[in-house]
Each structure stands twice: as structure tokens, then as C-alpha cells.
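Structural description and commentary
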Amino acid sequence: MAESKMNAGYLAAQALVERGVNQVFFIAGGHIYPILDGLSKLGVNLMSTRHEQAAVFMAEAWGRMTRKPGVAVVTAGPGFTNALTPVANARLANSPLLIIAGVVGLQACEKLDLQDMVQFPVISPMVKKAFICQQADRIYEFVDMAYRACIAGRPGPVYLELPVDVMNITVNPHLVRRTHTTPEARIVDRRKAAELIILMKEARKPVFIAGSGAYYSGAGAEFTRFIETAGAPGFTSSQGRGIISDTKPLCFGAASVIRPGCGGYAIQNADLFVLLGNRISLYYGCGQLLPKNARIVQVDIEPEEIGRNTSVHLPVVSDIREFLGECNRLLEEQKVGPALKAQYAPWIAELQEKKTAGINLGRLASESPKVPIHPARLAREIDLFMDREEDIVVGDGGDTQVWMGMFRTARKEGHYLESGLYGCLGIGIPYAIAAKLLYPQKRVLNVIGDGSVGFNFMEFETAIRKKIPIVVVISNDLGWGMIRHSSKLKLGRTIEEVSEIGQIYYEKFVESMGGVGIFVEKPEEIRPALEKAFASGKPACINVLTDPTAVGPGALALAMVSGYKVEGLKI
Ligand SMILES: Cc1ncc(C[n+]2csc(CCOP(=O)(O)OP(=O)(O)O)c2C)c(N)n1
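Residues numbered from 1 in each chain as written. Predicted model: local features only at pLDDT ≥ 70, side-chain atom pairs only at ≥ 80, totals over all residues. Heavy atoms only, no water.

The subject of this paragraph is the pairing of strand S4 (residues 70-74). In terms of residue burial, S4 counts as a mostly covered element, since five of its five residues are buried. Of the two faces of S4, the one holding Gly70, Ala72 and Val74 and the one holding Val71 and Val73 are both buried throughout. (Buried < 20%, exposed > 50% of the residue type's maximum accessible area, 1.4 Å probe, protein only. Helix = DSSP H or I, 4+ residues; strand = E, 2+ residues; numbered from the N terminus.)

Let us look at the environment of asparagine 269. Position of asparagine 269 among the secondary structure elements: in helix H12 (residues 263-269). We classify asparagine 269 as partly exposed; its relative accessible area is 31%. Along the primary structure asparagine 269 and arginine 186 are separated by 83 residues, whereas in three dimensions their C-alpha atoms are 33 Å apart. When residues no more than four places from it in sequence are discounted, the contact partners of asparagine 269 are Lys205 and Trp347. (Contact = heavy atoms within 4.5 Å.)

Before going further, it helps to examine the nonpolar core. By size, the foremost hydrophobic cluster in this structure holds 59 residues, and its most contacted members are Leu196, Met200, Phe223, Phe226, Phe273, Val297 and Phe323. In terms of residue count, helix H13 (residues 320-334) provides more of this core than any other element does, six residues in total. In this structure, leucine 196 is in contact with Phe226, Val274, Val297, Leu314, Phe323 and Cys327, ignoring residues within four places of it in sequence. Grouped together as the second largest cluster of nonpolar side chains are 52 residues, Met126, Ala130, Tyr159 and Ile392 included. (Core = buried A, V, L, I, M, F, W, Y, C linked by side-chain atoms within 4.5 Å.)

This part is about unusual backbone geometry. Note on backbone geometry: most residues besides glycine have negative phi, and most peptide bonds are trans. Following valine 371, the chain continues to proline 372 via a peptide bond in cis, the omega torsion being -5°. Along the chain, proline 372 falls in the loop between helix H14 (337-366) and helix H15 (375-385). Non-glycine residue glutamate 110 carries a positive phi angle of around 65°. Mapping glutamate 110 onto the fold places it in the loop between strand S5 (97-103) and helix H6 (120-123). Looking at glutamate 110, the relative accessible area reads 67%, which means it is exposed. In the Ramachandran plot, leucine 112 falls in the positive-phi region, its phi being about 60° despite a non-glycine side chain.

Let us look at the packing of aromatic side chains. Under the criterion given, the structure shown has 16 aromatic pairs. Here phenylalanine 385 and phenylalanine 534 contribute two aromatic rings whose centre-to-centre distance is 5.8 Å and whose plane-to-plane angle is 25°, an arrangement assigned as stacked. Placement of the pair is phenylalanine 385 in helix H15 and phenylalanine 534 in helix H22 (residues 526-536), with a sequence separation of 149 residues. One exposure class covers both phenylalanine 385 and phenylalanine 534, and it is buried. Here the aromatic cluster, defined as three or more aromatic residues joined through ring pairs, consists of Phe457, Phe460, Tyr506 and Phe509. We note arginine 67 situated over the ring of tyrosine 215; from NZ or CZ to the ring centre the distance is 4.2 Å. Stacked on the ring of tyrosine 439, the Lys or Arg lysine 442 has its end atom at 4.0 Å from the ring centre. (Phe/Tyr/Trp six-rings, centres within 6.5 Å; stacked < 30°, edge-to-face > 60°. Lys NZ or Arg CZ within 6 Å of the ring centre and 35° of its normal.)

Looking now at the site of the ligand. Every one of the 17 residues lining the ligand counts as a neighbour, but Thr400, Gly423, Ser452, Gly481 and Met482 are closest to it. Threonine 400 places a polar side-chain atom, nitrogen or oxygen, 2.5 Å from an oxygen atom of the ligand. In the environment of the ligand, an oxygen atom lies 3.0 Å from a nitrogen or oxygen atom belonging to the backbone of glycine 479. Listed by contribution, the elements that provide at least two residues to the shell around the ligand are helix H16 (399-407) and helix H19 (481-491). Tallying contributions element by element places H19 first for the shell around the ligand, with three residues. Split by residue class, the shell around the ligand holds five nonpolar, nine polar and three charged. (Near = heavy atom within 4 Å. Polar contact = N/O pair within 3.5 Å; in protein donor to acceptor, adjacent residues only side chain to side chain. Nonpolar A, V, L, I, M, F, W, Y, C, P; charged D, E, K, R; others polar.)

Turning our attention to the packing of helix H11 (residues 220-230) against H13. Angle between the axes and distance between the axes are the two parameters that describe a pair of packed helices. Contact pair H11 / H13: the axes reach a minimum separation of 9 Å and the direction vectors enclose 30°. By the criterion of interaxial angle, the relationship of H11 to H13 is roughly parallel. In this structure, H11 meets H13 at a crossing whose hand is left-handed. Of H13, the residues touching H11 (which contributes Glu222, Phe223, Arg225, Phe226, Thr229 and Ala230) are Arg321, Leu324, Gly325, Cys327, Asn328, Leu331 and Glu332. Among the residues making up the contact of H11 with H13, the classes are represented as six nonpolar, three polar and four charged. (Axes fitted to C-alpha atoms, helices over the stretch in contact; angles between N-to-C directions. Parallel < 35°, antiparallel > 145°, perpendicular 65-115°, else oblique. Left-handed = near helix turned anticlockwise from the far one by under 90°.)

A few words now on the sheet that holds strand S12 (residues 272-276). Across the sheet, six strands lie side by side as S11-S10-S9-S12-S13-S14; this open sheet has parallel pairing. The open sheet has two free edges, formed respectively by strand S11 (251-254) and strand S14 (314-317), since each of these has just one partner strand. Recorded for the sheet is a direction-independent mean angle of 15° between the axes of neighbouring strands. Where strand S9 (residues 206-210) lies against S12, five bridges are found, and the strand directions are parallel. Note that in S12 the partner of proline 206 across the bridge is leucine 272. Contacting S9, S12, strand S13 (295-300) and S14, helix H9 (residues 190-202) crosses the sheet at an angle of about 145° to S14. Helix-sheet contacts for H11 involve S9, strand S10 (234-236) and S12, and the interaxial angle to S9 is about 170°. (Pairing = 2+ DSSP bridges.)

Bringing the sheet that holds strand S3 (residues 45-48) into the picture now. Reading across from one edge, S3-S2-S4-S5-S7-S6 is the order of the six strands in this open sheet, with parallel pairing throughout. Either end of the sheet is taken by a strand with one partner, and the two such strands are S3 and strand S6 (129-132). Pairwise comparison of adjacent strand axes, ignoring direction, gives a mean angle of 20° for this sheet. Where helix H3 (residues 52-66) meets the sheet, it contacts strand S2 (23-26), S3, S4 and S5, and its direction lies at approximately 165° from that of S4.

Have a look at this one:
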């Protein structure tokens, strides 16, 4: 397009490209042609999916993995409404996501035009910020504002609405204001780092947990150095998994009360409890499961997050990497590392003992030779097979995801993905596709429940069409397992209609579309199936029959959330 004549849709595409956007996820529609046309002319990779939900999940996963806004473009009306679920998911997970939606033209609204709906007030409360650009020559500026809003401070989803007639207007590119700033929010309160070191000197049983804030600030190296210098136990939570490798001696894995290991024990018995970019959420019983007699320190870039559900003794508004960098500097300057190591050694030994006991207890399930296969056995087999640092595993489903989260050895940050607090089923295949697209050289596997696989099943076709060889392992317990078990615990019975699906040969559908299908019934068949699937170089579906009677810890937790009481349960 000649530089003296440009439509606003093209200009919006140009603004994206000038921010480094090289991948966009979408389903086409008349209301977004001008921007799609621009993106295509500018050489941006276009990933067309089979459902807008999948497109936006892919963009969300892209945003999580790159730590920059993942971009999805959806058309007016139904395209927009189909996209809402992933937006809510991104909000609760703090994922940097830019969702651009077409809408009927300013000239056409309320005329009963095609796909007309009032979108902005629907999505506004769901996102970090929502914009409508009504002036063609300001479209570049609006893309800049929306892009910046995604990543300024705590990341999150941002909405930009572009009416189709605005995008079609021809503008003079020389008269357009091209704002472009990417501020690095690296606030750090140095005095608070010194205060934490004082608390550490007084503590005997500290616990340090790195969450999504640590991940987004890129705090991995500083966190690992901090843990190793102080000889303190490090844990990770949700998107923090892998920030410090689970294989490090001082990393005790997920800060989860249900993981076999010592997470629950450590949290309950700590005398100093330090959250680094980690929210006090459901994972800590919304505050109920926090240690009763500990000093609580919460470091977060988002001030409003600090102190949710509990009183915090030392609140610190800071970027996590900068804060840990300052702590590391002070530890070195004061030469207190060796003394702290000696001080914490009995606590570390105690945690190690609990961890071993927990893992041994879990072996009953994870090494079970039974048929149908125990889902914990499936999760452990996957963990053992996906043993390279670069391997990416995506967990999706009810119990299936909980089992995988429990057994996954996270070796690298951003390499174990799950939906997060929104608990949204159906993320698996889209996340896996986005991961493989971003990292073609890495092995990408999605383990998913047979209920969850239905949500975005047609994305197998996307993977086949685009030649993206992901491996999807279905834990097929013939129904909605977590619902089957939690309703039984809570109501004393399972309601057949709400929990049973029956035996479906999912792998055959995948074969019929040109992918690889494998059916597995015995535990010893799992590994050969994984080998065959990855060796094929094609999108593959491994349909594994798992035990419908195995009650997972997730089902138990769900029953408890809805009021079920476990007599004498002490965590
Ligand atoms: C989109 C969505 N719909 C419904 C639910 C409620 N839900 C939570 S767990 C679950 C069962 C999941 O079954 P499946 O995917 O087969 O995994 P399993 O529990 O059997 O491992 C359901 C329906 C949800 N979390 N998300």
C-alpha cells in the first residue's frame, strides 16, 4: 500500500508489527478484514482456528510464554462472545493478552445490521482496560495504549474495539501520531529488603514461594541464588513452577497442600512465610491454610494484591527480580549466608523427610500395575518420559490436571502450563498448539480429561492443517471424573447424567483427519505409545483408558469447597 494512502486497519496492523507482534490468532469475519488484510500484507503469521475460544486461548498461552502481549483478533458479535471465556481466564491468571475485536460500524449500530451487539460494556469489567477507537487517524495511538496497558505493572488482558467503518477510512500516514513507549516497571523498596534479612535472621522455619509475579519479572536466576545462598527452602506456585528447577536440592516443588511432598507441611509449620509475586488465593484456602504463628511477608508489584485474605507483617510493593537482587546483595555484603544455612539445616532435614514420606505414599498409586490404569500412574509415566529440560507439558481437566500438577517435575519456567485459578476446562489443545508454534524444536504434550478434550477437539484439525505435531494424551475415565467423585462425596451418590460420557474412540477421529491415533489399556503400553507418537512427527492422540473409580485429590478438594467435611482431616 502506497505510504501516502493507507486505511486505518492497515495502520493498526502496522502498529502491532512495530511492537514486535509476528503472530496473531483469529477466525476471519467481514468486520475485521481491514486489519487482517494489513497483517497479512505485513507478513505476520496468521493462525486461523476452528473456534474463537481456541484462538484466544492460543494468544493467551503465547502471552504467558513470551511475557509480551499475545494478540487475538475476533469478529463482531458471535466472534466476540465466543472469545469471552479465555479473556476471563487470562484475567485471573494475569496473562498479557491483547484482544482486538471488530464491531459494526459507527454508522450502522442500532440499525439491526449483521452481528450487531453492544460489546464494550460486556467486556469492560473483565479486562484490565478497555478501549474503543472511533477516529481513524488515532488508531495507531490506540494500539500503542492497549499494548502498553497489557504489560504495564501487573500484566493482564486488554480489549481494543475497532469499528469496521473506522478501519476502512483512508488516512494520511504522515499526519498520524505514532506514540511508542514501553516503560519497564522495576520499582524496588530497598529498605524492605533489609527488613526481610532481619526477619530471616530471627527465623528457624522459613518458606519462600515464587508465583506468577516472579515469573513475569524474570526472577528465576535471582530466586535460585537467594535460596542457595541462604540455604532456605524454595517453593513455586502455579505459573512460578520451574522458576527454580524442581531438581535443585533446596527446591521442594509446588507449594501445594495436595502434592505428594512437603508443601502442605511446610506451609502449616513455617515461622516465616514469604510470598514473592504470589497471591493469597484458593491455593492457601483463601488465607485459611496459612501458618498461624508465622510472620508473613508479601512482595508484589500490584499494591492492591498485598494483604488479601490475611494481615501481612511486611508488605512490600516491588518488582520481584529487583527485590531479590537487593536481598542477594545484602546477604553477600553482610556475609550471613553460612550462618543462615546452619540455622535452617534442621528445618531442611525435616522437610526432606516429609517429602520422601509423601512421595513413598504416592507410589501406591503412581506405580500401580492395575488395569484400568490408575491416573496417577499415567501422570508419572508422562513425567518420566518428558524428562528434558526443554519439554513442555500442558495439564487440562479436572482430576487429570491435578494429578499432572502433582507429579510434574518442573525444570524450567514457563514449561508447565495449566489454566490457573479460573479452573477452565478446554485450554489444553490450544495451549499446546501455541507452545509448539513458539518452540518448534521442543516436545510438547498435553494431558487432558476425556470431558475436557471435547471443548476444543476440532483444534486437532488446526494442528494437522498447520503441521504442528503436538501429542495429546487423554486420560479417559469415561466421564467427568472430578464431578463423578466430588458429587458422590458431597451428595452420597453420583448423578449419572451429569458425570458419565462412555467409551469414545477419540483417536479414531484424529486418524480420520490425518493425525496419529493410539489406544492404550495397560500401563506398560504408555511409554511405547509416547515414543511412537513423538516419532511420527504428526499431531497425535493417545487415548488411555484410566480407572473411573480412582478418586483424585482434586475431587476431594472440590467436594470440600462445596461443603463436604472430612472427619479428622488434618493437613
Ligand atoms: C469450562 C468448564 N466447564 C465446567 C467445569 C466444571 N468441572 C470441573 S472439573 C469437571 C470434570 C472434568 O472432567 P474431565 O475433563 O474428564 O477430567 P477428569 O476430572 O475426569 O480428570 C467439570 C465439568 C469447569 N471447571 N470448566
